[in-house]
Amino acid sequence: MTRVLTYGTFDLLHIGHLNLLERLSALGDELIVAVSTDEFNAEKGKRCVVSYEDRCRLISALKCVSAVIPETHWSQKPNDIRRLGVDVFGMGSDWEGKFDSLSLYCKVIYLPRTEGISTTHLRKEISRR
Ligand code: C2G
């Protein structure tokens, strides 16, 4: 049983998020997604359009996702990896290198980011119309 774990805000869920989650899911038997809470996003300097509860429901509804957990602080990853028995930690390539220290606990991979789409881009597009 290969368990994969990733973290993110997933605001205005879009094809870049889905591409990443499906690719990560294909690497194992289960994909666990840690969704940033609204409070943690405030720490990240992000203000979401979609509430934490709704972001969790949307991610949970994806066929490729096995479970959703809250992300409440930057430093929870090692404990999550150990507690959940994670084999692979994966993120999009905009995080390349940032989480290499987690290779102490599991395999760390970065998958190519989907170009041309981002939550910021979507927000700008919507506000222009
Ligand atoms: N992503 C992607 N392609 C895009 C946009 C996002 O592959 N066009 C990936 C990002 O690389 C990330 C994931 O989708 O791995 C979620 O992106 P965000 O919701 O923007 O999450 P982020 O703000 O990067 O939070 O502790 C880690 C943080 O919680 C990550």
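The preceding data block contains the structure.
Here is what the cut-offs are and how they apply
Counting of residues starts from 1 at the beginning of each chain's written sequence and follows it residue by residue. Restriction of local features to residues with pLDDT of at least 70 applies here, the model being predicted, together with a cutoff of 80 or more for giving and counting side-chain atom pairs; totals for whole chains, interfaces and linings are based on all residues. Values reported for side chains reflect all heavy atoms of the structure, with hydrogen atoms and water molecules removed beforehand. The rule for a residue being near a molecule or strand is that one of its heavy atoms must lie within 4 Å of it. Throughout this description, a polar contact denotes any pair of N or O atoms lying within 3.5 Å of each other; where both atoms belong to protein, one of them has to be capable of donating a hydrogen while the other can accept it, and for residues adjacent in sequence the pair is counted only when both atoms sit in side chains. Note on areas: Shrake-Rupley with a 1.4 Å probe; residue coverage comes only from the protein chains shown. Comment: elements are numbered from the N terminus, with helices defined as DSSP H or I runs of at least four residues and strands as E runs of at least two. Whether two residues are in contact is decided by their heavy atoms, any of which lying within 4.5 Å being enough. The criterion for a disulfide is a pair of cysteine sulfur atoms lying within 2.5 Å. Using a 1.4 Å probe on the protein chains alone, a residue whose accessible area is under 20% of its type maximum counts as buried, one over 50% counts as exposed, and one in between counts as partly exposed. Note on pairing: two strands pair once DSSP finds at least 2 bridges between them. In this description, a line fitted to the C-alpha atoms serves as the axis of each element, helices being fitted only across the stretch in contact, and the angle between N-to-C directions of two axes falls anywhere from 0 to 180 degrees. Each C-beta atom gives one direction from the helix axis, and the arc is the one those directions make.

(A) Highlighting the site of the ligand. Residues in contact with the ligand amount to 21 residues; listed here are only the nearest, K46, E71, D94, T114 and I117. Here an oxygen atom of the ligand sits 2.4 Å away from a polar atom, N or O, in the side chain of K46. Starting from 640 Å² of accessible surface for the ligand in isolation, the protein chains cover 95%. For the shell around the ligand, the elements supplying multiple residues, two or more each, are β1 (3-8), α1 (15-25) and β4 (88-92). Top element by residues in the shell around the ligand is α1. It accounts for three residues.

(B) Summary view of the environment of I15. Structurally, the position occupied by I15 is in helix α1. Between the C-alpha atom of I15 and that of A26, which follows or precedes it by eleven residues, the distance is 16 Å. With residues up to four places along the chain from it excluded, the contact list for I15 reads T114 and I117.

(C) Quick look at the state of the cysteines. Summed over the entire model, instances satisfying the criterion amount to zero disulfides. Unpaired in this structure, C48 has its nearest cysteine sulfur neighbour in C56, at a distance of 11 Å. Cysteine C64 shares no disulfide, and the gap to the nearest cysteine sulfur, in C56, comes to 15 Å. On the basis of relative accessible area, C64 is assigned to the buried category, the value being 13%.

(D) Summary view of the sheet that holds strand β3 (residues 67-71). In spatial order, the strands read β3-β2-β1-β4-β5; together these five strands make up an open sheet with parallel pairing. Looking at strand neighbours, the two that pair on one side only are β3 and β5 (107-111), the edges of this open sheet. Strand after strand, the sheet turns through a mean of 25° between neighbouring axes, direction not considered. Together, β2 (30-36) and β3 form the strand contacts of helix α3 (residues 52-60), whose direction differs from that of β2 by roughly 165°.

(E) α1, seen in detail. The set of residues buried in α1 consists of G16, H17, L20, L21, L24 and S25. The arc that holds every buried residue of α1, seen down its axis, measures 160°, which confines them to one face. The elements touched by buried residues of α1 are β1, β2, α3, β4, β5 and α5 (119-128).

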